[in-house]
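The residues making up each chain are set out below.
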Amino acid sequence: MPIRLMTPLTKDKLSALRAGDEVLLSGTVYTARDAAHKRISELLEKGEEPPFDLKDAVIYYVGPSPARPGEACGAFGPTTSGRMDAYAPALLERGLSAMIGKGERAQSVVESIAKNGAVYFGAIGGIAAINARCVAAKETVAFPDLDSEAVCRVEVCDMPLTVVIDSAGNDYYRLGVERYLRQRKVQISEVPED
Amino acid sequence: MKTIRAQHVIEAVKELCVKANYCLPPSVTEAIRACREAESWGPAQNVLDRILENGEIAREGVFPACQDTGITCVFVELGQDAHVEGNLKDAVDEGVRRACAEGYLRRSVVSDPLSRVNTGDNAPAIISFDLVGGDKLKLTVAPKGAGSENMSRLVMLKPSDGRRGVIDFAVETVRLAGSNPCPPVVVGVGIGGSFDQVAALAKKALLRPLGQPHPERRYAELESEILAEINRLGIGPAGFGGDTTALAVAVEYRPTHIAMLPVAVNINCHVARFQSAVLEGEDHADPTYDAPDQG
């Protein structure tokens, strides 16, 4: 059964999560991808405030497609997280509690996740229409000139996620494949020889 | 000589582009369904079920299947006895612009790779022109997402690397890509030609309906062998482990130099979008859509 989580994701809610756990997330997430991360990190370097409070916040690496009239949001699937690796540790140091995306993270990000007791959730790439239906409301909060890359505050309900890197630094992309390969080895060895 | 009006090209590109983003080709849905039936790993079964459900929701026409509605690759096959009235390239780009606006597609193209200013309308398309026999114009529109495109690779092998070298490079490309390109992937492999042609071959291979092997037996066998080795990697759907890392492998080859063995591997995600139409001259101006992949 998936674990239901509600934002804000205070660190105590994250410590029990384990790599591979399925989660249904509800509450507030902030969208930010390549261009927004560049701007946020420039603000932080100048000693200025980021466009939203990073403490216990969730960033979703996504650039949604435009919403049709009457819809809160367009397609809402994850982008490749690795492109944000250069920026992530500085945000984790400032209290960011979770990132949502797809794909492997750099070792520096895994270490920062473990050090700060944060988590990295994997969303299934390419199920953007399902995720769109999880959006209740969406509002641009910074960098509107970045269009689909603007920072938005999004209210989500039961968005399906998987814990990929837990607060102890375990990585489900590695563990999941290892478990599968171990099981397949057992199956192959169980096939009787003629 | 038949005359095709640029206006028809604009309309056709627009329709194909919107349709591609909302309706997966039947051969892709069929391949995912077949892999779901055969999949032995529980977490992988769950991911494949979600992917199939997503395709059904997208088909309703409210949300595109993926938020990355891609950079629009358009393949133009122009019959030598057909004439386009107006500017063909401009017409294709205008079709892409209208699809972007009317289809609520994401604006995902920057005008300059370094200054990175968004063009605001998804134009220009990546257009490839081919002159063929006949008096018709065939258009294939394939919106391509960046997550998988970024995981593609090209190598100039030595002729002595041979068939084994090709297989190893293709499998290694998928292994290195891991969970990034939204597996299960579709793998297009180009072999031969030149540095530039081999990349185009790999992309063209992605346009073949899934499940349709190469017409030449030894290349069909090569496709099966690469697919089997990729699926032994265990990456699985979404990278969570499983039997289904790739849905299909398609190979295209061309003659090459005595000293060369170029190989390109173009990765596509499971949202493997393409739609085609054939435009006829003025007296039969309505596009007739290709039967096999009409969504």
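Conventions used here
Residues numbered from 1 in each chain as written. Chains lettered and ligands numbered in written order. Predicted model: local features only at pLDDT ≥ 70, side-chain atom pairs only at ≥ 80, totals over all residues. Heavy atoms only, no water. Helix = DSSP H or I, 4+ residues; strand = E, 2+ residues; numbered from the N terminus. Rg over C-alpha atoms; globule rule 2.2 N^0.38 Å. Buried < 20%, exposed > 50% of the residue type's maximum accessible area, 1.4 Å probe, protein only. Contact = heavy atoms within 4.5 Å. Areas by Shrake-Rupley, 256 points an atom, 1.4 Å probe, with all protein chains shown as cover. Core = buried A, V, L, I, M, F, W, Y, C linked by side-chain atoms within 4.5 Å. 1 Å grid on protein atoms, 1.4 Å probe; cavity = no way out; pocket = protein on both sides within 12 Å on 5 of 7 lines; lining within 4 Å. Points joined across faces, edges and corners; volume = space filled by probe spheres on them. Nonpolar A, V, L, I, M, F, W, Y, C, P; charged D, E, K, R; others polar. Domains from an automatic or database assignment. Salt bridge = Lys/Arg side-chain N within 4 Å of Asp/Glu carboxyl O. Polar contact = N/O pair within 3.5 Å; in protein donor to acceptor, adjacent residues only side chain to side chain. pLDDT = per-residue confidence, 0-100. Patch = residues over 30% accessible without salt bridge, like charges linked within 9 Å, V, L, I, M, F, W, Y side chains within 5 Å. Phe/Tyr/Trp six-rings, centres within 6.5 Å; stacked < 30°, edge-to-face > 60°. Pairing = 2+ DSSP bridges. Axes fitted to C-alpha atoms, helices over the stretch in contact; angles between N-to-C directions.

Peer 1: So what exactly am I meant to see when it comes to the overall build of chain B here?
Peer 2: When helices and strands are tallied, chain B shows eight helices and eleven strands. Its C-alpha radius of gyration of 19 Å places chain B within 12% of the 19 Å reference for a compact globule of 295 residues. Projected onto the principal axes, the alpha-carbon positions of chain B cover approximately 50 × 50 × 40 Å. Residue burial in chain B is summarised as follows: out of 295 residues, 55% are buried. Intrachain contacts of chain B at a sequence separation of at least 6 include 80% that bridge at least 24 residues. Accessible surface computed for chain B: about 12100 Å², of which carbon and sulfur atoms make up 53%.

Peer 1: Would you explain the nonpolar core in this entry?
Peer 2: One recurring pattern in soluble globular proteins: nonpolar side chains tend to sit buried together. One finds Leu-25, Phe-76, Met-99, Ile-100, Phe-121 and Val-151 of chain A to be the most contacted residues of the largest nonpolar core, which totals 87 residues. It is strand β7 (residues 151–165) of chain A that contributes the most residues to this core, nine residues altogether. Setting aside anything within four residues of it in sequence, one finds Phe-121 of chain A in contact with Leu-5, Leu-9, Leu-17, Val-23, Ala-98, Met-99, Ile-100, Gly-101, Leu-161, Thr-162, Val-163 and Val-164 of chain A. Core analysis: the next-biggest nonpolar cluster, separate from the first, contains 28 residues, Ala-6, Leu-16, Ala-82 and Val-96 of chain B among them.

Peer 1: How do you make sense of empty space enclosed by the protein when you look at a structure like this?
Peer 2: Empty space among the atoms becomes visible once a probe the size of a water molecule is rolled across them. The final tally for this structure, using the stated rule, is three cavities of 30 Å³ or more. Together, Cys-73, Ala-142, Pro-143, Lys-144, Lys-203, Leu-206, Leu-207, Asn-268, Arg-273 and Phe-274 of chain B line the largest cavity. Broken down by element, the residue count for the lining of the largest cavity peaks at three residues, all from strand β5 (residues 137–144) of chain B. Partitioning the lining of the largest cavity into residue classes produces six nonpolar, one polar and three charged. The two domains that each donate at least three residues to the lining of the largest cavity are domain 1 (2–21 + 65–144 + 274–289) and domain 2 (147–268) of chain B. For the second largest cavity, the full set of lining residues is Lys-102, Ala-123, Ile-124 and Gly-125 of chain A together with Ser-179, Cys-182, Pro-183 and Ala-238 of chain B. Classifying every residue of the lining of the second largest cavity gives five nonpolar, two polar and one charged.

Peer 1: How do you make sense of the interface of chain A and chain B when you look at a structure like this?
Peer 2: Often the size quoted for an interface is simply the accessible area lost on bringing the parts together. Each partner contributes to the interface: chain A provides 45 residues, whereas chain B provides 45 residues. For the pair chain A and chain B, the interface holds two salt bridges. In this structure, Glu-60 of chain B engages Arg-133 of chain A in a salt bridge whose closest nitrogen and oxygen atoms are separated by 3.0 Å. Where chain A meets chain B, there are 19 residue pairs in polar contact (both at pLDDT 80 or more). Contributions of two or more residues to the side of chain A that touches chain B are made by α5 (128–132), β7 and α6 (172–190) of chain A. No other element matches α6 of chain A, which puts nine residues into the side of chain A that touches chain B. Residues that form the side of chain A that touches chain B fall into these classes: 21 nonpolar, 13 polar and eleven charged.

Peer 1: Just checking my understanding: could you explain the confidence of the model for chain B for this structure?
Peer 2: Low pLDDT marks regions whose predicted coordinates should not be analysed in detail. Across chain B, the average pLDDT comes to 95, with 96% of residues at 70 or higher. Interface predicted TM-score (ipTM) for the complex: 0.94; the corresponding pTM is 0.94.

Peer 1: Help me understand the side chain of Asp-93 of chain B, please; the structure alone is not making it clear to me.
Peer 2: Residue and element names in this part refer to chain B. Mapped onto the elements of the fold, Asp-93 is located in helix α4 (residues 88–102). Taking relative accessible area as the criterion, Asp-93 reaches 5% and is therefore assigned buried. Polar contacts involving the side chain of Asp-93 include one to the main-chain amide nitrogen of Ala-125, which spans 2.9 Å. Contact partners of Asp-93, with chain neighbours within four places excluded, come to Ala-123, Pro-124, Ala-125 and Ile-127.

Peer 1: Could you clarify how one ought to interpret a nonpolar patch on the surface in this entry?
Peer 2: A cluster of nonpolar side chains, contributed by Leu-154, Met-156 and Phe-195 of chain B, occupies part of the molecular surface with about 280 Å² of accessible area. Within the secondary structure layout, Phe-195 of chain B lies in helix α7 (residues 195–205).

Peer 1: Looking at this structure, I do not really get the packing of aromatic side chains. What am I missing?
Peer 2: The description of two aromatic rings rests on the distance between their centres and on the angle between their planes. This structure, assessed with the given rule, holds six aromatic pairs over all chains. Residues Tyr-180 of chain A and Trp-41 of chain B carry aromatic rings whose centres are separated by 5.7 Å and whose planes lie at 75 degrees to one another, so their mutual orientation is edge-to-face. Of this pair, Tyr-180 of chain A sits in helix α6 while Trp-41 of chain B sits in the loop between α2 (26–38) and α3 (42–59), which puts the two residues in different chains. Taking relative accessible area as the criterion, Tyr-180 of chain A reaches 2% and is therefore assigned buried. Aromatic pair Tyr-219 of chain B and Tyr-253 of chain B: ring centres 4.2 Å apart, planes at 5 degrees, arrangement stacked. With Tyr-219 of chain B in helix α8 (residues 217–231) and Tyr-253 of chain B in strand β8 (residues 246–256), the pair connects residues that are 34 residues apart, well separated along the chain. Classification of Tyr-219 of chain B by relative accessible area gives buried; the value is 14%. Given a relative accessible area of 23%, Tyr-253 of chain B falls into the partly exposed group. Among the aromatic side chains, those forming a connected cluster through ring pairs are Tyr-172 and Tyr-173 of chain A together with Phe-240 of chain B.

Peer 1: Would you take a moment to explain the sheet that holds strand β6 (residues 153–157) of chain B for this structure?
Peer 2: Hydrogen bonds along the backbone pair up the strands of a sheet, which may run parallel or antiparallel. All names here are of chain B. Judged by pairing direction, the sheet is mixed, and its four strands sit side by side in the order β6-β9-β7-β8 without closing on themselves. Sheet topology places β6 and β8 at the edges, where each strand pairs with a single neighbour. Shown here is a sheet whose adjacent strand axes are inclined to one another by a mean of 15 degrees, direction ignored. Relative to strand β9 (residues 261–268), β6 runs antiparallel, the two sharing five bridges. What sits directly across from Leu-157, in β9, is Leu-261. Seen against the sheet, α7 touches β6, β7 (185–193), β8 and β9 and runs at an angle of roughly 145 degrees to β7.

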